[in-house]
Each structure stands twice: as structure tokens, then as C-alpha cells.
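These are the residues of each chain, in order.
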Amino acid sequence: MHRERINEPGPDPMASTAPIKSAAAAIAEGTRQAMSADPSVFVIGEGVADPKRVFGTTAGLLEEFGADRVIETPVAESALTGIAIGAAMQGQRPILVHQRVEFALLAMEQLVNNAAKTHYVTNGVYTVPLVQRMVIGRGWGQGPAHSQSLEPLFAHIPGLIVAMPSSVEDAKGMLMQALVQQNPVLFLEHRWYHYRTGPAPDTPFTRPLEGSAILKKGRDVTLVGTSYSVYEALEAASILDQVGVSAEVVDLRMLRPLGLDSITSSVAKTGRLITIDTGWTAYGAGAEIIASITSDQFQSLKAGPVRLGLSDHPTPSSRGLTGDFYPSAQSIVEAACKMLRVGTDKLEAARNEALKRAEGAIPDIPNPAFKGPF
Amino acid sequence: MRDLPDSIPDLALYRQMLRIRMVEEAIADRYSDQLMRCPVHLSIGQEAIAVGVCAALDRQDKTFSTHRCHAHYLAKGGDLGAMLAEIHGKATGCCAGRGGSMHLFDKAAGHALSLPIVGSVIPIAAGDALANKLNGSKAVSVVFVGDASLEEGVFHETANFAKVHNLRLLFICENNLFSVYTPLDERQPSDDLTRLATAHQIPCARHDGNNPGLVMNATRNMIEKMDDLPGPAFLQFDAYRIREHCGPAFDDDLGYRTADAITAGMKTEPLATGLAKLTEQGQLTEDMVHHMRAEIGEEIDGAFEAALSAPFPPSETVRDHVYAS
């Protein structure tokens with residue numbers, strides 16, 4: 001897999017022999033190294049020191065750094081957010097963890113009014129280097145209030161930085177970058193992304209909190225994914241390759257500041273754009289990207305851009321109802337073939353290939369080893 | 001255990017209250033000039049609490065406040081010129097014109113932050129206390145809240161967290177009996193707000209909020225207690241908001257409080273009672289009051305003149321500090 005980076009500093013693990021690890025392990029490793037390097041970094045949240053350790057993403061921290069820096073908490077999201085902000089204003093570097101995005105909804109007042117605005121309102125006197133991690137649930141019947149990908153709510157707000165990494169390298173490197181800069185940074189981590197494995201150096205490194213990345217080169221259509229949908233886009237591109245459609249795949253990485261850079265150059269080349277949100281399409285990342293691209297480079301578009309994302313209704317629990325709810329490699333392939341007006345033969349071949357690859361996959365779990373409960 | 005600052009004599013406390021009263025009366029008098037183009041929530045009637053509490057604090061102790069923050073800011077030593085400039089939207093304001101009257105802060109003086117959403121500042125103060133704990137500091141984080149703040153969930157979340165994690169967080173609850181126009185008895189089952197601290201097993205006490213010496217001593221006692229029993233504490237002080245919720249005027253014509261309540265409130269308000277007491281004790285004469293008022297008036301006039309003549313912030317700075325670099 002070719003990987004072209006924007007704003008390129010640091011090592012290039014994809015080209016090296018960096019060790020393979022899961023995103024969850026990379027997050028824990030980055031946190032541990034940041035805490036070792038900087039005594040002002042601490043972790044706070046519901047479950048950060050419990051036996052499950054937030055899906056393993058805080059594993060080992062309590063043992064190494066103690067309960068003063070790995071703070072297990074009452075269930076109080078609004079207060080926790082304000083407490084993290086107040087500590088950050090005094091130079092601490094809290095990592096506030098929510099096991100679901102929905103938990104952070106109870107803290108929106110603190111995030112929107114205080115985290116995002118204190119630096120501005122005080123004319124730069126205070127900084128709020130808060131890091132907030134939130135997990136997007138999916139599958140296993142988690143239903144309407146445990147599986148929402150609500151990144152637009154956060155990305156709407158000036159003063160916040162909103163990251164949705166998809167690579168294991170970014171899982172660690174972007175987190176470590178967030179812990180050496182001065183702004184509030186929110187990470188939306190797709191639950192299924194935690195299981196993904198990939199190369200990332202064992203040594204500390206940072207990845208920039210800006211810019212998107214081209215993961216696969218292509219000529220005919222640009223597929224832009226966020227977080228887990230990047231993996232669906234890569235699978236779709238691989239299927240499309242087999243029928244002679246060359247798709248370029250962009251990992252958005254950043255919603256605020258919006259990583260338009262490589263999308264702009266990609267669409268200038270392909271003239272066609274499909275965005276794949278992990279959330280609903282209305283007012284989503286894809287909507288913002290398409291609005292920007294159509295405004296800025298309308299002349300380079302050969303077809304109307306298309307947004308893919310969740311169907312416009314709440315997430316039902318029953319797997320009997322979620323068959324077509326999530327965008328998949330198949331739905332991306334369908335959209336690309338329609339946009340490119342490929343012939344019936346090619347379309348049938350692409351459909352068959354997609355069906356073949358999906359065979360045996362269980363749609364409501366991240367991998368066959370997953371046995372619940374959440 | 002840390003040393004408390006020296007007690008401040010009643011006369012000096014009175015002068016501080018008078019200064020705050022005169023600043024806010026000047027704001028009220030000049031508000032109709034339409035040059036202070038932001039909401040103002042005057043503390044008139046509640047000065048004794050701000051002055052008494054801050055008299056018990058060191059500079060290292062930070063205060064946090066609400067939309068009704070003028071008195072807290074001034075009592076903690078916040079810069080008067082920066083306050084009036086902020087209310088005028090000028091570049092020399094404490095927020096350089098980005099906050100207005102509800103966001104007053106003076107980091108050097110230790111008035112860390114004021115936030116206008118009810119309850120919003122409470123966990124921020126607790127975060128300051130958490131940072132103090134992590135840094136091994138014995139400073140106290142003081143959060144001024146109103147009676148309605150205790151109706152917000154975030155108060156209870158923070159009180160519980162502060163108790164469980166032994167944060168040196170001191171709640172100062174100013175009960176002025178109203179949330180805008182809605183009286184306390186329509187919002188809570190009792191005017192004893194300490195019951196909510198008790199529910200969180202937080203040491204607490206309730207006092208009259210019209211006597212700054214009493215407020216100071218109650219605060220000193222509570223801080224001493226916090227040294228013995230690590231963790232938060234809570235003080236309720238009862239007061240009377242003399243003017244409208246937001247704005248420069250009296251609003252008794254609206255009929256939301258009874259004539260008896262108004263009479264009682266004006267009888268107990270801290271400037272009137274303070275003057276009567278100090279006069280009776282022979283500490284204050286008419287001449288002294290006259291001199292005090294002239295001196296303070298001169299300071300206030302100077303600060304207004306400076307605010308009025310200061311420039312607005314340059315429009316090209318409007319995008320500065322959205323993000324820190």
C-alpha cells in the first residue's frame with residue numbers, strides 16, 4: 001500500500017519495519033510514553049483504572065503511574081470536563097476519556113463554552129491543552145444511544161481541534177502530538193478501529209494534527225473516508241481495481257482544521273468525489289468537504305459529488321434492521337460505478353467481487369473473535 | 001497547615017465595600033449614555049460577601065465567579081481600569097473586549113475566571129483545586145456561586161468529585177433569593193442551602209452575608225477547618241439583591257417582591273448597616289465618609305476617563321487567539 005503524507009515530519013513507519021500492533025495498544029503506548037516524558041500528563045475518566053481499561057487503551061497506566069495520575073472518577077461527565085479544563089488552565093495536560101461519544105453529550109456546555117473559548121475570551125492569557133478521547137460504538141445491538149458518530153457536533157465549534165485517526169501510526173502519533181501542543185483536542189475513535197493492526201514505531205513520535213493523507217493512488221474517483229470508513233474505502237478501491245476503475249483513497253484524519261489539502265489535489269486529478277462518513281450525512285464531514293470542493297474548484301468536477309453515510313434514522317439495536325445502515329465496500333463500489341457510468345458487465349463483475357469478499361463476514365461485529373458484550 | 005493573612009479591620013472592609021458600591025453606582029448612572037454596550041449584573045447589596053471572603057484569602061488562593069462578578073473581581077484585587085475598559089469594549093479591557101462584564105478576570109490578582117452560564121464555573125474551580133493537589137500546593141480554590149447554581153447538576157457532580165478526591169475547593173454560596181425574578185421558595189424546598197452540602201458530606205455553615213467582618217471570620221474558620229479535614233467546604237451567606245437581575249435599574253415596580261421584603265432588604269444591606277455600626281462605634285465620622293467618597297470618586301472618574309479614551313481593539317485582531325500557537 002502506498003502512503004503519501006502531507007506535512008511530512010518524523011519517521012515513515014509504513015516504509016520501515018515498524019512493529020505491527022493494534023490501534024488500542026498504540027493508544028496505550030503513546031499515553032504511557034507521554035506520561036513518562038511529562039509529569040503534567042494525567043488520565044481521567046470513568047473506567048480508566050477499571051479491570052477492562054477502556055478496551056485496553058489505558059492498560060498498564062495505573063500500575064506505572066498510580067491513582068493520582070490515572071484518576072478513576074464518579075459518573076459526572078460535565079464536572080469531569082470542567083475539572084479537566086480548570087486543570088489544563090493551570091498547565092496540566094489531562095486526557096479525559098469517554099467510553100462512548102454519547103457520554104460527552106452531558107458535557108457539551110463545558111466543551112463548547114469553556115474548552116473552546118477560554119483562550120480566545122482571555123485574549124490568549126490562558127491555554128486549555130485538554131485531550132478528550134471518545135469512542136464511537138458500532139454493532140452487537142448497541143442501539144440508538146451507544147453507537148453514534150457525532151463528530152459534526154464538535155467540529156462545528158471554533159476553538160476545538162477534532163481528530164479522527166484511522167491508521168495505527170496516527171493513533172499513537174496524533175495523540176502524542178496533542179499532548180505537546182496548547183489547544184483542546186478531541187479524538188473520535190471508532191470502536192472497530194481499536195482492533196485494526198498496523199505498523200507504528202515503539203519509540204515516541206508525533207504526527208501532525210492537520211492535513212489528510214492519500215492512502216492509495218488512483219485516477220478516476222476520489223474516495224474520502226473518516227476513521228473506520230477509510231478501511232471500507234480501501235476495500236472498495238481494491239474491488240474497483242479489479243474491474244478497471246482506479247480509485248484514490250484519502251484518509252481525512254482531521255475534521256477541524258479540515259484536512260482538505262490532499263482532497264483538493266486528488267479531485268483536481270480525478271474530477272470525481274465520494275465521501276464516506278461514519279455518521280449521518282446531513283451536516284457531516286462529507287457535507288463540509290463537498291461544500292468546500294464545489295465552491296473552490298467547481299471547474300474540476302466531472303460529476304456531482306456523492307455523500308455516503310448512515311441512513312437518516314436512529315441506530316436500531318436489532319441486526320435485522322441494520323443490514324443497509326452502514327456504508328460498506330459494496331455500497332461504495334456501487335456509488336463509484338454509478339458515478340463513472342460503467343457498463344453492465346463491469347458493474348456485475350464488481351458486485352460479484354464485492355459479494356465474494358463479504359461472504360462469511362458477520363456484519364454486526366468488528367471481527368470473528370468478538371463475542372460481546374460491548 | 002498554612003498561615004492565614006492578617007485580619008482586616010472593619011473600617012478597611014467598609015471602605016472596600018464602599019468602593020465596589022460606588023463603582024457599580026457609577027456604572028448604573030452612566031449606563032444610559034449607551035457607551036457600555038453589554039449586559040451588566042450588578043452586585044449592589046452583595047458586597048459584604050465578596051469583601052469578607054477575599055479578606056480571608058492569600059494571593060495564591062484563586063477565586064472563580066459567575067455573571068455577577070464585579071464585586072468578586074474588585075474584592076480580589078482585580079484592576080478597576082481593565083474592568084471598566086472591558087465593559088466599554090476597549091482594547092485595554094481585561095479580555096481586550098472579547099468577554100464583556102460577565103467574563104472579568106485578573107490572573108495576577110488571582111481572580112482566575114468568571115463565566116456567565118449558571119454553574120459552568122464550578123468544575124473549572126475544582127480543576128484548579130485538582131491541579132493544586134497534583135502540584136502539592138496548599139492554596140484554596142474559591143468558587144462564588146448563587147443560590148440557583150445549586151439547582152444545576154454540575155454542582156452536585158463537582159461537589160461529589162471534590163469530596164471523593166479531597167480537593168481544597170471552597171464553595172461560597174450567595175443566596176440573594178432570586179433567580180432572575182423567580183424566588184427561591186418556588187425553586188427549592190428550603191432556604192437552607194447547606195442541606196445540599198451536607199448531602200455530599202461537605203463541612204458547611206450558614207451566615208448573614210451583610211457583615212463583612214463576620215463573613216471574613218467565617219471564611220477564615222472554614223479554611224482552618226479545611227486544613228484539618230482535607231477536602232471541600234461550603235459556606236452559605238444570605239444577602240439581598242438591591243437592583244434588577246440584569247441592568248442598571250431598580251425594578252421593584254414589577255411587583256415580584258413584596259413591600260415588606262424590600263423594606264427589610266434595604267434595612268439589612270451591608271453599606272447602610274456598616275455605616276451605622278461604624279458611626280455608632282465612633283470609627284467613622286461624616287467628614288471621614290465625605291473624604292473617603294471623594295477619594296474613591298476620583299479613582300473611579302479617572303478609570304472611566306481612561307476607558308472612554310482607550311481605543312477599541314483593532315478589527316484585524318478579531319481572529320487572534322482562536323487557537324494557541
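Residues numbered from 1 in each chain as written. Chains lettered and ligands numbered in written order. Predicted model: local features only at pLDDT ≥ 70, side-chain atom pairs only at ≥ 80, totals over all residues. Heavy atoms only, no water.

1. Here's the deal with the overall build of chain B
Part 1 of the reasoning: Summing up its helical and strand segments, chain B has twelve helices and eight strands in all.
Part 2 of the reasoning: The C-alpha atoms of chain B give 19 Å as radius of gyration, which agrees with the globular expectation for 325 residues (20 Å, within 12%).
Part 3 of the reasoning: Taking all 325 residues of chain B together, 57% fall into the buried category.
Part 4 of the reasoning: If you sum the accessible surface of chain B, you get close to 13000 Å²; carbon and sulfur atoms cover 53% of it.
Part 5 of the reasoning: On chain B, the mean spot of the 29 positive side-chain charges and the mean spot of the 44 negative ones are 5 Å from each other. (Helix = DSSP H or I, 4+ residues; strand = E, 2+ residues; numbered from the N terminus. Rg over C-alpha atoms; globule rule 2.2 N^0.38 Å. Buried < 20%, exposed > 50% of the residue type's maximum accessible area, 1.4 Å probe, protein only. Areas by Shrake-Rupley, 256 points an atom, 1.4 Å probe, with all protein chains shown as cover. Lys, Arg positive; Asp, Glu negative; His and termini not counted. Charge placed at Lys NZ, Arg CZ, Asp CG, Glu CD.)

2. Considerations on the overall build of chain A
Part 1 of the reasoning: Looking only at helices and strands, one finds 13 helices and 14 strands in chain A.
Part 2 of the reasoning: Taking all 374 residues of chain A together, the buried fraction comes to 62%.
Part 3 of the reasoning: Restricting the contact set of chain A to residue pairs at least 6 apart, pairs at least 24 apart contribute 82%.
Part 4 of the reasoning: If you sum the accessible surface of chain A, you get close to 13700 Å²; carbon and sulfur atoms cover 56% of it.
Part 5 of the reasoning: Of note, chain A has its 33 positive side-chain charges centred 4 Å away from the centre of its 38 negative side-chain charges. (Contact = heavy atoms within 4.5 Å.)

3. Some words on the pattern of salt bridges
Residues and elements named next belong to chain A.
Part 1 of the reasoning: Enumeration according to the criterion identifies 30 salt bridges over all chains in this entry.
Part 2 of the reasoning: When the shortest N-O distance is used, the salt bridge between K216 and D241 registers 3.5 Å. Placement of the pair is K216 in strand β9 (residues 213-216) and D241 in helix α9 (residues 229-242), with a sequence separation of 25 residues.
Part 3 of the reasoning: Given a relative accessible area of 16%, K216 falls into the buried group. (Salt bridge = Lys/Arg side-chain N within 4 Å of Asp/Glu carboxyl O.)

4. A look at the pairing of strand β5 (residues 131-136) of chain A
Residues and elements named next belong to chain A.
Part 1 of the reasoning: Most of β5 sits inside the fold, with six of its six residues counted as buried.
Part 2 of the reasoning: Going residue by residue along β5, you find V131, R133 and V135 tucked away on one face and Q132, M134 and I136 tucked away on the opposite face as well.
Part 3 of the reasoning: Relative to β5, strand β4 (residues 93-98) runs parallel, the two being bridged by four bridges. Paired with L96 across the two strands is Q132, which belongs to β5.
Part 4 of the reasoning: Summarising the sheet, β5 and strand β7 (residues 185-190) pair through six bridges and their orientation is parallel. Following the sheet pairing, I136 is matched in β7 by H190. (Pairing = 2+ DSSP bridges.)

5. Some words on a nonpolar patch on the surface
Residues and elements named next belong to chain B.
Part 1 of the reasoning: A contiguous nonpolar patch, built from V180, Y181 and L254 and spanning about 250 Å² of accessible area, is present on the exposed surface.
Part 2 of the reasoning: Tracing the sequence through the fold places V180 in the loop between β5 (178-179) and β6 (182-183).
Part 3 of the reasoning: Here V180 falls in the partly exposed class, since its relative accessible area comes to 33%. (Patch = residues over 30% accessible without salt bridge, like charges linked within 9 Å, V, L, I, M, F, W, Y side chains within 5 Å.)

6. Examining the nonpolar core
The tendency in soluble globular proteins is for nonpolar side chains to be buried as a group.
Part 1 of the reasoning: Judged by nonpolar contacts, the single largest core of 147 residues is most densely connected at F154(A), I263(A), I27(B) and L170(B).
Part 2 of the reasoning: Take this core: its biggest share by element is ten residues, from helix α1 (residues 10-30) of chain B.
Part 3 of the reasoning: Among residues more than four places away in sequence, those in contact with L170(B) are V140(B), S141(B), V142(B), V143(B), T219(B), M222(B), I223(B), M226(B), A233(B), F234(B) and L235(B).
Part 4 of the reasoning: A26(A), F65(A), I161(A) and M176(A) belong to the second-largest nonpolar core, a separate cluster that totals 37 residues. (Core = buried A, V, L, I, M, F, W, Y, C linked by side-chain atoms within 4.5 Å.)

7. Points about the packing of α1(B) against helix α9 (residues 212-228) of chain B
Working note: a packed helix pair is described by the angle between its axes plus the distance between those axes.
Residue and element names in this part refer to chain B.
Part 1 of the reasoning: Running from amino to carboxyl end, α1 crosses α9 at an angle of 105°, the nearest separation of the two axes being 9 Å. In terms of orientation, α1 and α9 fall into the roughly perpendicular class. Contacts from D10, L13 and M17 of α1 reach α9 at P212, G213 and M216.
Part 2 of the reasoning: Here the contact of α1 with α9 is built from residues that sort into four nonpolar, one polar and one charged. (Axes fitted to C-alpha atoms, helices over the stretch in contact; angles between N-to-C directions. Parallel < 35°, antiparallel > 145°, perpendicular 65-115°, else oblique. Nonpolar A, V, L, I, M, F, W, Y, C, P; charged D, E, K, R; others polar.)

8. Observations regarding the pairing of β7(A)
If a strand is regular, its side chains alternate between the two faces of the sheet.
All names here are of chain A.
Part 1 of the reasoning: Most of β7 is tucked away: six of the six residues are buried.
Part 2 of the reasoning: As defined by bridge partners, strand β6 (residues 161-163) adjoins β7 across three bridges and the pair is classed as parallel. Residue pairing across strands places A163 opposite F187, the latter belonging to β7.

9. Some points on the packing of α9(A) against helix α12 (residues 329-339) of chain A
Residues and elements named next belong to chain A.
Part 1 of the reasoning: Contact geometry for α9 and α12: axes closest at 8 Å, N-to-C directions at 55°. Classified by the angle their axes make, α9 and α12 are oblique. Relative to α12, the crossing made by α9 is right-handed. Between α9 and α12, the contacting residues are E232, A233, E235, A236, I239 and L240 on the first element and A329, I332, V333, A336 and C337 on the second.
Part 2 of the reasoning: Residues belonging to the contact of α9 with α12 are distributed by class as follows: nine nonpolar, no polar and two charged. (Left-handed = near helix turned anticlockwise from the far one by under 90°.)

10. Quick word on the sheet that holds strand β10 (residues 221-225) of chain A
Residue and element names in this part refer to chain A.
Part 1 of the reasoning: Pairing within the open sheet is mixed, and its five strands lie in the order β9-β11-β10-β13-β14. On the outer flanks of this sheet lie β9 and β14 (306-310), each paired with one strand and no other. Averaged over all pairs of adjacent strands, the angle between their axes in this sheet comes to 25°, without regard to strand direction.
Part 2 of the reasoning: Bridge count for strand β13 (residues 273-280) against β14 is four bridges, and the pairing is parallel.

11. Digging into the sheet that holds strand β1 (residues 62-65) of chain B
All names here are of chain B.
Part 1 of the reasoning: Spatially, β2-β1-β3-β4-β8-β7 is the arrangement adopted by the six strands of the open sheet, whose pairing is parallel. Of all strands in the sheet, those bounded by a partner on one side alone are β2 (111-114) and β7 (204-208). Taken over all neighbouring pairs, the strand axes of this sheet differ in orientation by 20° on average, direction set aside.
Part 2 of the reasoning: With respect to the sheet, α9 is in contact with β4 (169-175), β7 and β8 (233-238), its orientation differing from that of β8 by roughly 170°.

12. Quick look at the interface of chain B and chain A
Part 1 of the reasoning: Counting residues at the interface gives 36 residues for chain B and 42 residues for chain A.
Part 2 of the reasoning: A buried area of about 3100 Å², summed over both sides, lies between chain B and chain A, and 63% of it is on carbon and sulfur atoms.
Part 3 of the reasoning: At the junction of chain B and chain A, the tally comes to 20 residue pairs in polar contact (both at pLDDT 80 or more).
Part 4 of the reasoning: By residue class, the composition of the side of chain B that touches chain A is 19 nonpolar, ten polar and seven charged. (Buried area = accessible area lost by both parts, 1.4 Å probe. Polar contact = N/O pair within 3.5 Å; in protein donor to acceptor, adjacent residues only side chain to side chain.)

13. So, the confidence of the model for chain B
Part 1 of the reasoning: On average, residues of chain B carry a pLDDT of 97, and 100% of them reach 70 or more.
Part 2 of the reasoning: On the interface metric, ipTM, the complex scores 0.96, and its pTM is 0.95. (pLDDT = per-residue confidence, 0-100.)

14. Description of the packing of aromatic side chains
One pair of aromatic rings is described through two measures. These are the centre distance and the angle between the planes.
Part 1 of the reasoning: This model, assessed by the stated rule, comprises twelve aromatic pairs over all chains.
Part 2 of the reasoning: With centroids separated by 5.6 Å and ring planes inclined at 90°, the aromatic side chains of W192(A) and Y228(A) adopt a geometry described as edge-to-face. Here W192(A) is found in the loop between β7 and β8 (197-199), whereas its partner Y228(A) is found in the loop between β10 and α9, with 36 residues between them in sequence.
Part 3 of the reasoning: Residue W192(A) is classed as buried on the basis of its relative accessible area, which comes to 5%.
Part 4 of the reasoning: Between the aromatic rings of F178(B) and Y256(B), the centroid separation amounts to 5.1 Å while the plane-to-plane angle is 85°, which identifies the pairing as edge-to-face. (Phe/Tyr/Trp six-rings, centres within 6.5 Å; stacked < 30°, edge-to-face > 60°.)

15. Comments concerning helix α11 (residues 270-280) of chain B
Residues and elements named next belong to chain B.
Part 1 of the reasoning: Buried within α11 we find P270, L271, G274 and L278. Angularly, the buried residues of α11 cover 90° about the axis, an arc narrow enough to put them on a single face.
Part 2 of the reasoning: In this structure, the buried side of α11 is in contact with α1, α2 (47-55) and α10 (259-268).
Part 3 of the reasoning: Between the side-chain oxygen of the N-cap and the backbone nitrogen of L271 there are 3.1 Å, and the N-cap of α11 in question is E269.
Part 4 of the reasoning: G282 sits one or two positions beyond α11 and adopts a positive phi of about 80°. (Arc of directions from axis to C-beta.)

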